[in-house]
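Here's the letter readout for the chains.
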Amino acid sequence: MCAVLSPPIVSTPTLGWVDWSCSLIVASLVGAFGSSFLYGYNLSVVNAPTPYIKAFYNESWERRHGHPIDSDTLTLLWSVTVSIFAIGGLVGTFLVKVIGKFLGRKNTLLVNNGFGIFAALLMACSLPAGALEMLIVGRFIMGVDGGIALSALPMYLSEISPKEMRGSLGQVTAIFICIGVFAGQLLGLPELLGKESTWPYLFGVIVIPALVQLVSLPFLPKSPHYLLLEKHDQEGAEKAFRTFLGKEDVSREMQEVLAESRVQRNIRLVSVLELLRSPFVRWQLITAVISMACYQLSGLNAIWFYTNSIFGKAGITPEKIPYITLSTGGIETLAAVFSGLVIERMGRRPLLIGGFGLMALFFGILTITLMLQDHVPWIPYLSILCILAIIAAFCSGPGGIPFILTSEFFQQAQRPAAFTVVGTVNWLSNFTIGLLFPFIQQSLDTYCFLVFAAICFAGALYLYFVLPETKNRTHAEISQAFAKRNKAYPPEGKTDSAVTDDKMNIQLEPDSSSALEN
């Protein structure tokens, strides 16, 4: 296995990246396949079998109560089925800090696979058992899996990568979310599993990524940051760095982590309340919260959840809808890969601001095309192009960068609390959109997308004035960039900067445990 042998180096100089070791590639791919892939898959998988699931709900209701379900109750049940995924995600977000404190990032991801496998079995067996509650409870548990994954995975990937490749490795999370969405759309085609007799298998296949991660991840090391800063295992941290970076000399990376440890001598995890009260990270937290809120409220989840109904409104015939929907997954994946390739060149700031700005523009155009679709025969196809453009703009920046920023803004001891706060905003926003969008669509009709255009424009405006560029910056440098706005300079600023400036002149001693003393 790559984690045991001396890892080969994969060099990609044409892209401007630093060397990628085999272990780093395997950790990012396996981690994302069993985590963010499942999140994306569960966003889109409920879309194709919607009529069959509603028919199943109606049959179950009639069998129990002796009469068909009324339309309002069916709409409510369906909205709960879609949006309860987000409630589970919120619960998972709160569990991350508790589980991660004792198990670390890697083991948290491993334990999380249990939630995914259990949820898959519940949902796959709901039709044979004739119990609609099993599907709803399974969606909730799958949300718990997603909540844990979207907090633990970005932390793990951020802590195993050097700062020169944090952005590219962090975008793996977004890329696999998009691949998961595409996989859900592909398997939902009528020729595959999107039929009345086979739709439960759409949920059963969730066990495959969970099992792949469960059998692969144990062969990879834990996060070197976690080993050094929380477990005070210097030897284990050095070994983990050598495995992930594929080189023997890891003194520079060790010095960067030791610099953080010197200013956190009595390191302990910061509570959510302490983080909210800290003046040194106030604007970092506000920026992370706003970027994540805009990520969810930008309207993409509404498109993912309800693409069939949106394309129906755009005038597409029911027979063509599954194939048009499939194109959205392909566009998402290509845009996310593009973002991963250019993020270390262009930086986080232009991709994030540009993405939200373009989304606002195309949401406005989409509103106009939906108003005119009954008057001009080619207008519905222009609506489709607008939807594809919105998706491409989202996945090229806003789709992954908020997770990267949360990892970059905060120290090791603050990260779990920060992900709890940001994750709470993420899942509450997700729940709000999933539950309310059908009613917003009924009330505002074609004008509903102007709400999302306003949110995207406001987010781009805020980030333009507040967000500094974090590309290739250490935590100390990012903190200094926010210090003037916070009106409080972090106490570690001078110490950390001094260590950073001189780190190439300092040789790591064989025993540096004194730097880790409490």
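These figures come from a predicted structure and were not determined experimentally. (Residues numbered from 1 in each chain as written. Predicted model: local features only at pLDDT ≥ 70, side-chain atom pairs only at ≥ 80, totals over all residues. Heavy atoms only, no water.)

Observations concerning the overall build of the chain
If you tally the helices and strands in the chain, you get 24 helices and two strands. Within the span of the chain, comprising 518 residues, buried residues form 59% of the whole. When contacts within the chain are restricted to residue pairs at least 6 apart in sequence, those whose partners lie at least 24 apart make up 81%. Element-wise, carbon and sulfur atoms account for 67% of the exposed surface of the chain, whose accessible area totals about 20100 Å². (Helix = DSSP H or I, 4+ residues; strand = E, 2+ residues; numbered from the N terminus. Buried < 20%, exposed > 50% of the residue type's maximum accessible area, 1.4 Å probe, protein only. Contact = heavy atoms within 4.5 Å. Areas by Shrake-Rupley, 256 points an atom, 1.4 Å probe, with all protein chains shown as cover.)

Observations regarding the packing of helix H2 (residues 36-44) against helix H6 (residues 132-160)
Where H2 meets H6, the axes come as close as 8 Å, and the angle between the chain directions of the two elements is 140°. The angle between the axes of H2 and H6 places the two elements in the oblique class. In this structure, the crossing between H2 and H6 has a hand that is left-handed. Along the contact surface, H2 presents Ser36, Leu38, Tyr39 and Asn42, while H6 presents Arg139, Met142, Asp145, Leu150 and Leu153. Across the contact of H2 with H6, the residue classes tally to five nonpolar, two polar and two charged. (Axes fitted to C-alpha atoms, helices over the stretch in contact; angles between N-to-C directions. Parallel < 35°, antiparallel > 145°, perpendicular 65-115°, else oblique. Left-handed = near helix turned anticlockwise from the far one by under 90°. Nonpolar A, V, L, I, M, F, W, Y, C, P; charged D, E, K, R; others polar.)

Topic: the nonpolar core
Counting residues in each nonpolar core, the largest one holds 125 residues, and the members touching the most others are Tyr57, Leu275, Met359 and Phe363. In terms of residue count, helix H4 (residues 71-124) provides more of this core than any other element does, 14 residues in total. Within the second largest apolar cluster, six residues are counted, among which are Val96, Ile99, Val144 and Phe419. (Core = buried A, V, L, I, M, F, W, Y, C linked by side-chain atoms within 4.5 Å.)

Describing the pattern of salt bridges
Going through the model one piece at a time under the given rule, you end up with two salt bridges. The salt bridge partner of glutamate 133 is arginine 64, with a shortest N-O separation of 2.4 Å. One end of the pair, glutamate 133, is in helix H6; the other, arginine 64, is in helix H3 (residues 50-65), and 69 residues separate them in sequence. Classification of glutamate 133 by relative accessible area gives partly exposed; the value is 35%. When the shortest N-O distance is used, the salt bridge between glutamate 408 and arginine 348 registers 2.5 Å. Residue glutamate 408 is located in helix H20 (residues 401-409), and its partner arginine 348 is located in helix H18 (residues 348-372); the two are separated by 60 residues in the primary sequence. (Salt bridge = Lys/Arg side-chain N within 4 Å of Asp/Glu carboxyl O.)

Re the environment of lysine 231
Summarising the element assignment, lysine 231 is placed in the loop between helix H10 (224-230) and helix H11 (234-245). Considered as a pair, lysine 231 and glycine 104 are 127 residues apart in the sequence and their alpha carbons are 9.5 Å apart. Filtering out sequence-adjacent residues up to four positions away, lysine 231 remains in contact with Phe102 and Tyr226.

A closer look at the packing of aromatic side chains
How two aromatic rings sit relative to each other is given by the distance of their centres and the angle of their planes. On inspection of all chains with the given rule, the structure shows 16 aromatic pairs. Between phenylalanine 363 and phenylalanine 452, the ring centres sit 5.7 Å apart and the planes meet at 40°, which makes this aromatic pair tilted. With phenylalanine 363 in helix H18 and phenylalanine 452 in helix H22 (residues 448-466), this residue pair connects regions lying 89 residues apart in the sequence. Side by side, phenylalanine 363 and phenylalanine 452 carry an identical accessibility label, which is buried. Here phenylalanine 409 and phenylalanine 482 contribute two aromatic rings whose centre-to-centre distance is 5.2 Å and whose plane-to-plane angle is 80°, an arrangement assigned as edge-to-face. Here phenylalanine 409, found in helix H20, pairs with phenylalanine 482, found in helix H23 (residues 475-486); they are 73 residues apart in sequence, far enough to count as distant. Phenylalanine 482 matches phenylalanine 409 in its accessibility class, with the two residues each being buried. One aromatic cluster in this structure is built from Phe56, Tyr57, Trp199 and Phe203. Sitting above the plane of the tryptophan 283 ring, arginine 485 keeps its charged end 5.5 Å from the centroid. (Phe/Tyr/Trp six-rings, centres within 6.5 Å; stacked < 30°, edge-to-face > 60°. Lys NZ or Arg CZ within 6 Å of the ring centre and 35° of its normal.)

Points about H3
Its 16 residues give H3 an end-to-end C-alpha distance of 22 Å, which sits within 8% of 22 Å, the value for a rise of 1.5 Å per residue. The positive-phi residue at the C-terminal boundary of H3 is glycine 66, with phi of around 85°. (Expected span 1.5 Å × (residues − 1).)

As for the side chain of arginine 105
Looking at the element boundaries, arginine 105 is found in helix H4. Contacts of arginine 105, omitting those with residues within four sequence positions, involve Ala152, Met155, Tyr156, Glu159, Ser223, Tyr226, Glu230, Gln412 and Pro416.

Looking at the confidence of the model for the chain
Per-residue pLDDT for the chain averages 78, and the proportion of residues at 70 or more is 85%. Between residues 1-18, whose pLDDT stays under 50, and residues either more than four places distant or in other chains, the model counts 41 contacts. For residues 492-518, every residue scores under 50 in pLDDT, and the model assigns this stretch 43 contacts once sequence neighbours within four places are set aside. (pLDDT = per-residue confidence, 0-100.)

Structural notes on helix H9 (residues 207-216)
Note on helix geometry: an α-helix contains 3.6 residues per turn, so any two residues three or four positions apart are oriented the same way. Taken residue by residue, H9 has Pro209, Ala210, Gln213 and Ser216 as its buried positions. Along H9, the residues classed as buried sweep out an arc of 145° about the axis, all on the same side. (Arc of directions from axis to C-beta.)

Quick word on the environment of threonine 474
If you trace the backbone, threonine 474 turns up in the loop between H22 and H23. Owing to a relative accessible area of 14%, threonine 474 belongs among the buried residues under this scheme. Separated by 66 residues in sequence, threonine 474 and glutamate 408 place their C-alpha atoms 8.1 Å apart.

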